[in-house]
Amino acid sequence: MKEIESGAAFTEAEWPKPQYAWYVVCVLSFAYLVSYVDRQILNLLVELIRADLNITDTQISLLQGLAFGVFYAVLGLPIGVLVDRGKRVRIILGGVALWTMMTAACGLARGYGQLFAARVGVGVGEAALSPAAYSLIADYLPPQKQARAMAIYFLGAIIGI
């Protein structure tokens with residue numbers, strides 16, 4: 001099925017087939033699950049990273065907060081504008097590709113600066129998922145089914161944790 005153009009709305013007779021719409025919701029939920037795993041992996045490995053790179057508690061906190069969180073939150077806004085104007089599926093795919101490559105770069109980092117830059121990349125990549133996912137869910141499902149679809153989408157994060 002061709003991607004729905006941004007800003008397009010369906011009449012009741014034009015909604016995608018329910019099976020396809022729920023498939024899209026499940027794929028988005030899986031992507032959200034992966035994003036949460038990639039986001040939290042650093043937290044699980046704090047002691048090993050601290051020992052390997054010989055970094056301080058302050059540097060760890062900057063990796064967990066500033067490097068990821070600020071860029072994730074701030075870039076969500078301009079990415080949301082892109083979602084309104086561009087191809088949402090391509091934006092999601094680009095974000096997934098970026099955050100997975102940056103997660104791998106975190107594992108290859110040999111110093112604090114490299115790890116910080118890779119965490120910024122994870123935040124930027126993950127910032128692309130939710131604005132586009134919300135928009136797709138709103139376009140693929142009628143209003144009376146959107147709350148359930150959003151709940152399933154958010155379950156991805158819970159399972160990922």
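From a predicted model like this one, the values you see are computed outputs, not experimental measurements.

So, the packing of helix α1 (residues 18–44) against helix α7 (residues 129–140)
The geometry of α1 relative to α7 is characterised by a closest axis approach of 10 Å and an angle of 165° between their N-to-C directions. As judged from the angle between their axes, α1 and α7 are roughly antiparallel. As α1 runs across α7, the sense of the crossing is left-handed. Across from Tyr-20, Ala-21, Val-24, Val-25, Leu-28, Ala-31, Tyr-32 and Ser-35 in α1, the residues of α7 making contact are Leu-129, Ser-130, Ala-133, Leu-136, Ile-137 and Tyr-140. Tallied by class, the residues present in the contact of α1 with α7 amount to 12 nonpolar, 2 polar and no charged.

A word on the nonpolar core
The nonpolar side chains of a soluble globular protein tend to be buried, and buried together. Counting 25 residues, the largest nonpolar core has Leu-28, Leu-129, Ile-137 and Tyr-153 as its most contacted members. Going through the elements one at a time, α1, α4 (66–85), α5 (88–108), α7 and α8 (143–160) are the ones with two or more residues in this core. Ranked by the residues each element gives to this core, the list is headed by α1, at 7 residues. Those residues in contact with Ile-137 that sit more than four places away from it in its chain are Val-25, Leu-28, Gln-146, Ala-149, Met-150 and Tyr-153. If you look at the next biggest cluster of nonpolar residues, it comprises 13 residues, including Leu-42, Val-46, Phe-68 and Ala-118.

Definitions and cut-offs
Residues numbered from 1 in each chain as written. Predicted model: local features only at pLDDT ≥ 70, side-chain atom pairs only at ≥ 80, totals over all residues. Heavy atoms only, no water. Axes fitted to C-alpha atoms, helices over the stretch in contact; angles between N-to-C directions. Helix = DSSP H or I, 4+ residues; strand = E, 2+ residues; numbered from the N terminus. Parallel < 35°, antiparallel > 145°, perpendicular 65-115°, else oblique. Left-handed = near helix turned anticlockwise from the far one by under 90°. Contact = heavy atoms within 4.5 Å. Nonpolar A, V, L, I, M, F, W, Y, C, P; charged D, E, K, R; others polar. Core = buried A, V, L, I, M, F, W, Y, C linked by side-chain atoms within 4.5 Å. Buried < 20%, exposed > 50% of the residue type's maximum accessible area, 1.4 Å probe, protein only.

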